[in-house]
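Listed below, chain by chain, are the residues.
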Amino acid sequence: MTLQTVAAAEPFVPPKARKEVARRAVFYALMLVIAAIFFVPFLWTIMTSFKTIPDAVNVTSLPHPWTTSAWHTVWTQDHFPTYIKNSLFLAAVIVVCNIFLAGLGGYAFARLRFPGRDLLFLLVLGTLMVPDQLRLIPIFVMMVNWGLYGHFESYILINLVTATNLFFMRQYFLTIPKDFEEAAKLDGAGYFKTFWRVMLPLALPAMSALIILQFQGTWNDFFWPLILFGQGDTSHYTIQLGLAEYLFQYSSYVPQVMVGSILAIVPVLIIFLAFQRYFVSGVVSSGVKG
Amino acid sequence: MTKRLAMVLGLVALAVALVAASAQAGHKTHKVTEVTVAGWSSGGDEDNLLQQVINVFNKTHPSVHATLQIINTNYGDAMTARFAAHNPPDVFYVDSYVAGAWEKQKVLQPLNGYIKKSHYNTKKFYPKLLGAFMHGKTIYGFPKDWSPLATETNNGLFAKAGIRKAPKTWAQLKSDAKTLQQHGVAHPICLSPDWARMLAFIYQNGGSIKNVQSKASAQAVNFYVGLLKSGLAATSSQLGDGWCGQALGDGHSAIIFEGNWLLPYMKSTYPNVKYGVSPMVKGKVRGNLAFTVSYSMSTFTKNKQAAWTLLSWLEGKKGERLWMSKGLALSPRSDVKTIGGRAPFLASAPYSHGWGFGNPNFNAAYTVMSNDITAVIKGDKTVQQMLADVAAALKGQ
Amino acid sequence: MMATSATGAAPARLGFRSTMVGARLREAGWGYGFALVPIAVFGLFFIYPFIYAVYISFFHWGILGKQAGGHGTFNYSKVLHDPIFHTALKTIAEYTVVVVPLELALGLSLALLINQQIRGRNFFRSAFYFPSIASSVAITTIALYIFAANGLFNQIIGGNKAWFADADTVLWSIVGLNAWTTSGTVMLFYLAALQTIPNDVYEAAAVDGTGAWRTFWRITFPLLKPAHFFCLVVFGIGALKLFDQAFIASNGTGGPNYATTTPIFYIYNEAFHNYDFGVAAAAGVIYFVIIFFLTVVQRLTVGRQEAA
């Protein structure tokens, strides 16, 4: 009976399967269309960056002539290399500080017992609710009083460690089985050694996600750099500040502005492509806990 | 994965080290008195000229070294931040429409003492302009230049429409615009939704900023807004341009009202477009606005004497002569000549009214003005409502 | 070397260190030590500024600091009676009420698409998440050009509207922009939530002969409730804090006609344009209370949901 059915089914493609293929084709087409729509603005930006200023008015046509003059101008005349250098510097320093401090703090809140721990943790979470603009003026005045206004130190200080990162590391440490610490204790390791040699390495996936997310956060930050060192001394500008100023002043130099935008996006894109897996898992697990 | 991560961290550390090293290398030390001077700039030409002027000062004043900072993003906000930080530049631009507010906030240094001590001759400054930076008898800054508005027309479009001369009156403005429309220019006039342009028309109808709710003022506003509503005029964003200067250059509009700053812009951005500059149109009377900026000193300056040396030189004959050399603006001193070709602007001096002169609430009121005029053009607010809002804001309410 | 030592003999010989109390104190010490710098940072740059801001809000405070006039609630009164602040609240409410459902719908749709067994899943996930990684400055800059009166968008769909310059459309243009750039992040959250739904559920529905649409509405959607609430409030609070795009699109003016004046922009503008730091602080405190209230709502709702 079965053999007959199978033999009969082979050459004949049932209508359901054909519908399935068609459905799949439509599905993939839809996905590609959506992806294309998502990419179009960036492709257009790249395309426009290779145009001359007069040609940039022709928004729907390809560059004619193709020129790298906008790239050349931005790179050599418009301080963008300085901006990129500044952004990289800040991102690097802040990421390193956050890994260390959020790791330490996160571990403490996850695994060490000390009086008032839970209350303090709630306070830490509470800081998430204070909007930047509310603490704007007090921090501004504080930085002035300490003589740090206009210097990178001010921005680094307020970003040494963020509540989100600490929370994130704590959540991750909570998921690590206690066996590791107990083994370390057996070996006679003190608290710091346990943290540094055992726990932190175990938290590598969380750390990777933190690196990427904090890099993105610092690189993309506009508000605090604007307030703390974005008022005139362009030697200190980050790329986002540089781009904003460029937009405000030279909005008619379209190709150059496009170059600036690309430069403002590319580094994060590179990091994203290289570490996609951690990126995604980082965003998700940092948020799912609420 | 550990290896990759370690590599990334290593690269990060390397980047940090490299950057820190290069940052250190960039530091210099000076033995002379350092003074910072700040202003904004409309483009490369102005940047260069400013730097040139500062360089000449530095060469001729070995004991004072001035460093120039150009602040282009929201100059006003930036300066506020720096005042609040007690850390502004020593010498800086002050736009006349915020001068009153900054004086009130006590961030500008009164200069009378320095003027007396160095026997500085203030009589050569045009009194109306100097008055913008005075409160009673106290002088807070000197005008470094000024500009009124004028009527600029696109020669090509005018020739096509067969109009020979630029419009001189409101009536001519309307009829010329209609003719231009018939010859293919959709919106011949470019008007900014900005009191910094419309106020000139208010003065031309006999109104004034001090009596903003008068019938004359309301009439003028209706005229201005009416041009926009009828299609004879359009705003620069409606024309797809950044400002009316751009609209003139790319031929989207044939008649605009801008100040002397248009000239360097056209030279650099639209060098091949032929355009004409004529005196500002006339309503019932002649009326125009005077925009001016001063050099002032801050009350926080640590080197007040050195700052005064810089300020007085910049404002003196030598400094102003240099600044006037490229024709970026008009001379504020009777003993320094403006570059040639600026007659239409200079002619309005007698009837130009200061923009924001003397009112400490002008800065805040300007926000109300800007937002309300957009509403009126849209039809969301009546002219009377806007004038009431503006009058209240000017009083500080 | 303690595996077999009994509780009896050891304490007397090893002394303080190995007693329970001693160990606890040591642990507490290390705990505080580890948490010290983070706590200091939060205290110094969040708690203290917040208290200071509340202090400022009760005085006349100009560029140079406290001004004459004593203390009182005049700043709060000014803010609460300011029609511009009312407009700002209305604006942000309109914005939030539209952008959040839009973001969630888009994100959920994308997540549903990606959640199938498809080839090139990573590619599509990257493509859909890509707009989220661009900075607000960069993406707003690009949008300003694409949606200019003579920009690419108008060339495609026709017309001449200056989407980001027109008072009527600028807010909705920002809605569209932010919904697009946030949908990628929302997608990731929904993806994670979708992946917690066991396959049996879908199989059971298939066996019952339920169609795809009904399966979604009657089964999948309700099962995503925790994710709904979480996203609703997290992205809602994010929407309430709108500043960057409004600032850049309006060239720092908050216009045209106050269309881009959000409460956060209002705070900034009062301080930096009207030189009234007292009013700015008062507005900040008022808005903090609003956000705090909504966050408490989240904790209660999500907490209850997760418990259920």
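Position numbers for residues start from 1 in each chain and track the written sequence from start to end. Written order decides the labels, with chains lettered from A and ligands numbered from 1. Per-residue local features of the predicted model are confined to residues with pLDDT of at least 70, and side-chain atom pairs are confined, for both listing and counting, to 80 or more; whole-chain, interface and lining totals are unaffected and use all residues. Hydrogen atoms and water are omitted, and side-chain values are computed over all heavy atoms in the structure.

(A) Spatial organisation of the overall build of chain B. When helices and strands are counted, chain B shows 17 helices and 13 strands. For this measure, only C-alpha atoms enter the radius of gyration; the expected value for a globule follows 2.2 Å times N^0.38, where N is the number of residues. Computed over its C-alpha atoms, the radius of gyration of chain B comes to 24 Å, within 12% of the 21 Å expected for a compact globule of 397 residues. Referenced to the eigenvectors of the C-alpha coordinate spread, the extents of chain B come out at roughly 70 × 65 × 45 Å. Burial classes follow relative accessibility: with a 1.4 Å probe on protein chains only, a residue under 20% of its type's maximum area counts as buried, one over 50% as exposed, and anything between as partly exposed. Taken across its 397 residues, chain B has 56% of its residues classed as buried. Counting only contacts in chain B whose residues sit at least 6 apart along the sequence, the fraction spanning at least 24 positions is 72%. Using the Shrake-Rupley algorithm and a 1.4 Å probe, accessible areas are obtained, with residue cover drawn only from the displayed protein chains. Carbon and sulfur atoms form 56% of the exposed surface of chain B, whose accessible area is close to 16800 Å². Under the convention used here, Asp and Glu are negative, Lys and Arg are positive, and both His and the chain ends fall outside the count. By convention, the charge on Lys lies at NZ, on Arg at CZ, on Asp at CG and on Glu at CD. For chain B, the distance from the average site of its 42 positive side-chain charges to the average site of its 21 negative ones is 6 Å. By the criteria applied, helices consist of DSSP H or I runs no shorter than four residues and strands consist of E runs no shorter than two, each listed in order from the N terminus. Residues count as neighbours in contact if any of their non-hydrogen atoms are within 4.5 Å of one another.

(B) Up close: a nonpolar patch on the surface. A cluster of nonpolar side chains, F100(A), F192(A), W196(A) and W30(C), forms an exposed patch at the surface whose accessible area comes to about 370 Å². Relative to the helices and strands, F192(A) is located in helix 10 (residues 191-202). The patches reported here contain residues having more than 30% relative accessible area and no salt bridge. Joining distances are 9 Å for like charges and 5 Å for nonpolar side chains (Val, Leu, Ile, Met, Phe, Trp, Tyr). For salt bridges, the criterion is a side-chain nitrogen of Lys or Arg within 4 Å of an Asp or Glu carboxyl oxygen.

(C) Molecular detail of the side chain of N154(C). Residues and elements named next belong to chain C. Structurally, N154 can be placed in helix 7 (residues 152-157). Polar side-chain contacts of N154 include one of 2.8 Å to the side chain of W163. Once residues within four sequence positions are removed from consideration, N154 is found in contact with A148, A149, G159, N160, K161 and W163. Identification of polar contacts relies on pairs of N or O atoms within 3.5 Å, with a donor-acceptor requirement for protein atoms, meaning one able to donate a hydrogen and the other able to accept it, and with residues adjacent in sequence counted only if both atoms are side-chain atoms.

(D) Representation of helix 13 (residues 304-315) of chain B. Residue and element names in this part refer to chain B. The end-to-end C-alpha separation of helix 13 is 16 Å, in line with the 16 Å expected for 12 residues at 1.5 Å each. Burial analysis of helix 13 places nine of its 12 residues in the buried class, the great majority of the element. Listed as buried for helix 13 are A306, A307, W308, L310, L311, S312, W313, L314 and E315. To estimate how far a helix should extend, the number of its residues minus one is multiplied by 1.5 Å.

(E) Focus on the state of the cysteines. Residue and element names in this part refer to chain B. Criterion for a disulfide: a pair of cysteine sulfur atoms at a distance within 2.5 Å. Throughout the structure, instances matching the rule amount to one disulfide over all chains. The disulfide partner of C190 is C244, and the gap between their sulfur atoms is 2.1 Å. Between C190 and C244 the disulfide shows an S-S torsion of about -80°. By sign, it is left-handed. With a gap of 54 residues between them, C190 in strand 8 (residues 189-190) and C244 in helix 11 (residues 244-249) connect regions that are remote in the sequence. C244 matches C190 in its accessibility class, with the two residues each being buried.

(F) The interface of chain A and chain C, seen in detail. The interface is formed by 87 residues belonging to chain A together with 87 residues belonging to chain C. Buried area, as used here, totals the accessible surface that two parts lose on assembly, with accessibility defined by a 1.4 Å probe and the loss added over both. Roughly 8100 Å² of surface becomes buried between chain A and chain C when both sides are summed, with 80% attributable to carbon and sulfur atoms. Taking the shortest distance from any N to any O, the salt bridge between E27(C) and R113(A) comes out at 3.1 Å. The leading source of residues in the side of chain A that touches chain C is helix 2 (residues 15-49) of chain A, at 15 residues. Its residues assigned to classes, the side of chain A that touches chain C shows 68 nonpolar, 15 polar and four charged. For this classification, the nonpolar set comprises Ala, Val, Leu, Ile, Met, Phe, Trp, Tyr, Cys and Pro, the charged set comprises Asp, Glu, Lys and Arg, and every other residue, Gly included, is treated as polar.

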